Amino acid sequence: MTSGDVPSWEAVAHEHGRFIYTVAYRLSGNRADADDLVQEVMVRVQRGLATYTPGSMQGWLARITTNAFYDETRRRKRRPTIPLPDEPDRVIAGSLGADYEHAQTNLPEHVQTALLALPDDRRAVVVMCDVVGMTYDEIAATLDIAVGTVRSRIHRGRTQLRTALAADYPERGDK
Amino acid sequence: MNNDRLSAYLDGELTDDERRQLETELDADPQFAAELEATASIRTMLRDLPMVEPTPGIFDLPIAQNSNVVNLGAARKRRRTKWAATAAGVASMAAVWMLILGVFSGTSLSRVLPAVDQYVDRHAAAQEIADGFEIMEPMPKTDMPADAANDGTMPMTAAFHKDDVMHLRYGAGDHSLSVYSEPGEADWDALGERGGEMDTMANEPAWHYVTTDGIDVVVIERDDHVITMVAAPEMHEAMETMAADL
């Protein structure tokens, strides 16, 4: 792909699929919700590619993923749903198995669990900053909030994580 | 003490003056310096989190290429189990709905107050190309089964759009139902100020209003869209079926 070319959806999925999925997983906290979020992101990305201006692809993808996450969060708050008992697609779709899940997620499990315990607004900015690597200005623009709010939420998020992880990682927790 | 400067310092987000001021404070206060170190450790831990391998196959066939029909996520599929049960009867309605949802660009939601009076007038007068609305072409086919009306569903008879508002009209015999869709989230407060009452439909919030002419108006939200249904009171069951199926 030359500079200035708009990539195809297939190229985006091939080159940035892991990135999209990682951001979705860190935001949503589990594979089922991450799968749903990625599905929504893919729809938005495909539509957005037509008007995409070549630039930071990962920043663009992170913005779409975070906005989709926020939309879903708002929707759930407005309309809490009751999970259905039979969810065969949840079992069949990934076919990953417990061992795979364990191997993939056990090491940072405590961090992920603590991350998930953060309020949505704090988790989003922490993920955007520390997982995606966005600047405060980029995060503020994406979420339409003040840079000062971004700064405050990031620090409060990290502080809350520090407290939560202190028992598991005393050498890294509160000192 | 404004400790969020510590994170900003680690992230390189302080101005030169702020950074110098903070470093002076850190040199003078070992406890403050220890807090910086602890914050830095958490920051490193987060940044060292591994990439997560996607669920196998999730990127393979997510979207019907060159089509407005998309494979919505598992959560949506779970919420729409009734679609599967009555697929034959409402398949065309589902296709239309996917088309409508396809218009939405996916940006942050805006609060929407549906133009209820205009929608009622359009419905009551069976208006077509009026108020800036244009006919939607091609109108999706509606191959409804012969007994479709028995479960409260009806064939679509016309489709219109104006900007990002869609107006679909369904009809069976002397009965008709108008469904308006626009992207955003409902401004429930503003709707409440004009009367009516908050209710539920298909176990989700719904605003219900009856005009002085006895026309039923129901506003619901579905998939980041505000849906306004307008019909005669005897069509309430059809509205409920529509709300449950969307």
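Keep in mind that what you see is a predicted model, and the values were worked out from it rather than measured.

Here is what the cut-offs are and how they apply
- Sequence order sets the numbering: in each chain, residues are counted from 1 along the sequence as written.
- The naming scheme follows written order: chains are lettered A onward, ligands numbered 1 onward.
- Only residues with pLDDT of at least 70 are given local features in this predicted model, and only at 80 or more are side-chain atom pairs given and counted; all residues enter the totals for whole chains, interfaces and linings.
- Numbering of helices and strands starts at the N terminus; helices are DSSP runs of H or I of at least 4 residues and strands are runs of E of at least 2.
- Partly exposed residues are those falling between the two cut-offs: more than 12 but fewer than 20 other C-beta atoms within 10 Å of their own, whereas 20 or more means buried and 12 or fewer means exposed, with C-beta atoms placed from the backbone.
- The contact rule is simple: place each C-beta atom from the backbone, and if two of them lie within 7 Å, those residues are in contact.
- For our purposes the nonpolar core covers buried Ala, Val, Leu, Ile, Met, Phe, Trp, Tyr and Cys residues that link as a set through C-beta atoms within 7 Å.
- At least two bridges found by DSSP between two strands are what make those strands a pair.

Undergrad: Tell me about the overall build of chain A, residues and numbers included.
TA: The helix and strand inventory of chain A stands at nine helices and zero strands. Ordered by position from the N terminus, the helices and strands of chain A form the series α-α-α-α-α-α-α-α-α. By the burial criterion, 39% of the 175 residues in chain A qualify as buried. Within chain A, contacts between residues separated by at least 24 positions form 66% of all contacts whose residues are at least 6 apart in sequence.

Undergrad: For the nonpolar core, give the residues involved together with the corresponding values.
TA: Residues Val23, Ala24, Val38, Val41 and Met128 of chain A are the most contacted members of the largest nonpolar core, which totals 48 residues. Broken down by secondary-structure element, the contributors of at least two residues to this core are helix 1 (9-28), helix 2 (31-49), helix 3 (57-78), helix 6 (109-117), helix 7 (120-132), helix 8 (136-143) and helix 9 (147-165) of chain A together with helix 3 (30-47) of chain B. Looking at this core element by element, the count peaks at nine residues for helix 1 of chain A. In contact with Val23 of chain A, not counting residues within four places along its chain, are Ala62, Thr65, Val127, Val131 and Val132 of chain A. One finds Val218, Val226, Ile227 and Ala243 of chain B within the second-largest nonpolar core, a separate group that totals 34 residues.

Undergrad: Describe unusual backbone geometry, naming the residues involved and giving the relevant values.
TA: You will see that Asp144 of chain A, though not glycine, has its phi angle at about 55°, which is positive. Take Asp144 of chain A: it is sitting in the loop between helix 8 and helix 9.

Undergrad: Any details on the pairing of strand 9 (residues 216-222) of chain B? Residues and values, ideally.
TA: Residue and element names in this part refer to chain B. With six of seven residues buried, strand 9 is to be regarded as a mostly interior element. For strand 8 (residues 204-210) and strand 9, the ladder comprises four bridges, and the chain directions are antiparallel. The residue bridging Val210 from the neighbouring strand is Asp216, located in strand 9. A loop of five residues connects strand 8 with strand 9, the two strands running antiparallel in sequence, and Gly214 in this loop sits at a positive phi of about 80°. Taken together, the seven bridges between strand 9 and strand 10 (residues 225-231) define a ladder with antiparallel strand orientation. Within strand 10, the residue paired with Val217 across the bridge is Val230. Connecting strand 9 to the antiparallel partner strand 10 that follows it, the hairpin turn spans two residues, and Asp223 within it adopts a positive phi of roughly 45°.

Undergrad: Please give an account of the pairing of strand 7 (residues 197-201) of chain B that cites residues and values.
TA: Residue and element names in this part refer to chain B. In terms of burial, strand 7 is largely open, as just zero of its five residues are buried. Bridge count for strand 7 against strand 8 is five bridges, and the pairing is antiparallel. Looking across to strand 8, one finds that Glu197 is bridged to His208.

All we've got here are geometric facts, nothing functional implied.
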